[in-house]
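The lines below spell out each chain.
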Amino acid sequence: MFCISVEITFLVSLRFAACAGDQLQGSLFSDVTMNLTDLNWSAVKSLSKDTPVVFPVAALEQHGRHMPLFTDSMLLGEIIRRVSERMNDRALFAPLLWLGNSDHHLDFAGTLSAAPRVYLDLLSGFLENFIQHGFRRLVILNGHGGNDVPGKQAVFEIRQKHRQRNDLLLLFATYWHLGGKPDEVDANIQQQQMGHACEWETSMVLRIAPHLVGDLKQAQAVPFGNAFSPATRGWITRERTEPGHIGDPTQATAQKGETLFQVFTHDAVAFLERVIAWDGKSWEG
Ligand SMILES: [Zn+2]
């Protein structure tokens, strides 16, 4: 029982639970979320190197006239908050990286962007840092479309660089691409894919920060369009939308926002459970 006389850190909580017996583990473990910001280096060093390390990445960019620039970071931050509570001590969460690749939004005031190659190197560096620290299961969890290509390229390039290894799991995933279909959970949800400052994103901001949402009556629907699909067209945002949003924000409600958060949280938890269940060597996962 002397374990609790040391400073209260995550690891000490674990030791205390082990010392104190099974009856206390539930209450102690239920409050533990493992944030990199809260640990000291020796605590990180002593973690199992099969612990998934999650790097949440988002953006600070224009979100139409009715939504704040920090929308993507706020939304992913809320999802990570919910996910980390459910994962308890079974995954390590790096702090959310608010700077993303948003070059396509630079015609709109206030946007901050890491250029694509800078962003690629930044994410690659994160992965390299934690490979050096001995961790094997690294997950970039994304909340911004512009991070998609550099994020996928980062996991691809780092895998090539460490091609002698057979025990690395390097993953990039965007939260709205993890399988959930919010419109099948709530038939009032019109949109079937992520837009930009759209029904989905506006609903989620209405749920967590309604005071930051402007007048939706002024926000006309902007269609997604079909730009030479299935080809990928190089694009900048102002050629698709004058106000900056894509989709129909007038359909947004806080209730839909709660549904969306629940769907995306469920998906992300299920995804991390697959990472934990990986056998450490197989292609399948
Ligand atoms: Zn967004």
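### Topic: the overall build of the chain
In terms of helices and strands, the chain carries 9 helices and 4 strands. Relative to its full complement of 285 residues, the chain shows a buried share of 39%. Restricting to contacts in the chain with at least 6 residues of sequence separation, those with at least 24 account for 76%.

### Description of helix 4 (residues 71-87)
Taking 1.5 Å of rise per residue, the 17 residues of helix 4 would be expected to cover 24 Å, and the 24 Å separating its terminal C-alpha atoms lies within 8% of that figure. Summarising burial for helix 4: 12 of the 17 residues are buried, a large majority. Three or more residues of helix 4 are buried, namely Thr71, Asp72, Ser73, Met74, Leu75, Leu76, Glu78, Ile79, Ile80, Val83, Ser84 and Met87. On its buried side, helix 4 packs onto strand 1 (53-57), strand 2 (92-93), helix 8 (199-208) and helix 9 (254-277). Asn88 occupies a position one or two residues after helix 4 and carries a positive phi of about 50 degrees.

### Description of the confidence of the model for the chain
Per-residue pLDDT for the chain averages 91, and the proportion of residues at 70 or more is 89%. Per-residue pLDDT stays below 50 along residues 1-30; that stretch engages in 31 contacts with residues further than four places along the chain or on separate chains.

### Some thoughts on the pairing of strand 1
Of all 5 residues in strand 1, 5 are buried, a share of seventy percent or more. A two-sided burial pattern is seen for strand 1, the buried positions comprising Val53, Phe55 and Val57 on one face and Val54 and Pro56 on the other. Each parallel crossover has a hand, and for strand 1 linked through helix 4 to strand 2 it is right-handed.

### Quick word on the environment of Gly64
Within the secondary structure, Gly64 sits in the loop between strand 1 and helix 4. When the 25 C-beta atoms within 10 Å are taken as the criterion, Gly64 is described as buried. A C-alpha to C-alpha distance of 9.1 Å links Gly64 and Thr241, two positions 177 residues apart in sequence. Excluding its chain neighbours within four sequence positions, the residues that come into contact with Gly64 are Ala197, Ala219, Pro243, Gly244, His245 and Pro249.

### Brief notes about the sheet that holds strand 3 (residues 137-142)
The strand order across the open sheet formed by 4 strands is 2-1-3-4, and the pairing between neighbours is parallel. Strand pairing shows two members of the sheet lacking a second neighbour, strand 2 and strand 4 (169-174), which therefore form its edges. Strand direction decides the pairing type here: strand 1 and strand 2, joined by 2 bridges, are parallel. Within strand 2, the residue paired with Val54 across the bridge is Phe93. Against the sheet, helix 5 (residues 116-132) engages strand 1, strand 3 and strand 4, with an angle of about 150 degrees to strand 3. Each of strand 1, strand 3 and strand 4 touches helix 6 (residues 148-161); the most contacted strand, strand 4, lies at about 175 degrees to it.

### Considerations on helix 6
Here helix 6 contains 14 residues, and its C-alpha end-to-end distance of 20 Å stays within 8% of the 20 Å for a straight helix at 1.5 Å per residue. Of the residues making up helix 6, those classed as buried are Pro150, Gly151, Ala154 and Val155. One side of helix 6 holds all its buried residues, which, seen down the axis, span an arc of 135 degrees.

### Side note on the packing of helix 4 against helix 8
Between helix 4 and helix 8, the least distance of the axes is 10 Å, while the angle of their chain directions is 65 degrees. As the angle between them shows, helix 4 and helix 8 are arranged roughly perpendicular. For the crossing formed where helix 4 meets helix 8, the hand is left-handed. Contacts from Thr71, Met74, Leu75 and Glu78 of helix 4 reach helix 8 at Glu201, Met204, Val205 and Ile208. Within the contact of helix 4 with helix 8, the residues separate by chemical class into 5 nonpolar, 1 polar and 2 charged.

### Overview of the packing of helix 8 against helix 9
As a packed pair, helix 8 and helix 9 sit with axes 7 Å apart at the nearest point and diverge in direction by 100 degrees. In terms of axis orientation, helix 8 runs roughly perpendicular to helix 9. Every residue of helix 9 that contacts helix 8 at Trp200, Ser203, Met204, Leu206 and Arg207 is listed here: Ala254, Lys256, Gly257, Glu258, Leu260 and Phe261. Residues belonging to the contact of helix 8 with helix 9 are distributed by class as follows: 6 nonpolar, 2 polar and 3 charged.

### Description of the pairing of strand 4
Of the strand pairs in this sheet, strand 3 and strand 4 are connected by 6 bridges, and their pairing is parallel. Paired with Asn142 across the strands is Thr174, a residue of strand 4. In this view, the connection linking strand 3 to its parallel neighbour strand 4 by way of helix 6 has right-handed handedness.

### Considering the nonpolar core
In terms of nonpolar packing, the biggest core is built from 59 residues, with Val53, Val54, Phe55, Ile79 and Val139 touching the most fellow members. Not counting residues up to four positions away in its chain, the partners in contact with Val139 are Pro52, Val53, Val54, Phe55, Leu171, Ala173 and Val275.

Conventions and cut-offs
- Residues numbered from 1 in each chain as written.
- Predicted model: local features only at pLDDT ≥ 70, side-chain atom pairs only at ≥ 80, totals over all residues.
- Helix = DSSP H or I, 4+ residues; strand = E, 2+ residues; numbered from the N terminus.
- Buried ≥ 20, exposed ≤ 12 C-beta atoms within 10 Å, placed from the backbone.
- Contact = placed C-beta atoms within 7 Å.
- Expected span 1.5 Å × (residues − 1).
- pLDDT = per-residue confidence, 0-100.
- Right-handed = clockwise from strand over helix to strand, strands pointing away.
- Pairing = 2+ DSSP bridges.
- Axes fitted to C-alpha atoms, helices over the stretch in contact; angles between N-to-C directions.
- Arc of directions from axis to C-beta.
- Parallel < 35°, antiparallel > 145°, perpendicular 65-115°, else oblique.
- Left-handed = near helix turned anticlockwise from the far one by under 90°.
- Nonpolar A, V, L, I, M, F, W, Y, C, P; charged D, E, K, R; others polar.
- Core = buried A, V, L, I, M, F, W, Y, C linked by C-beta atoms within 7 Å.

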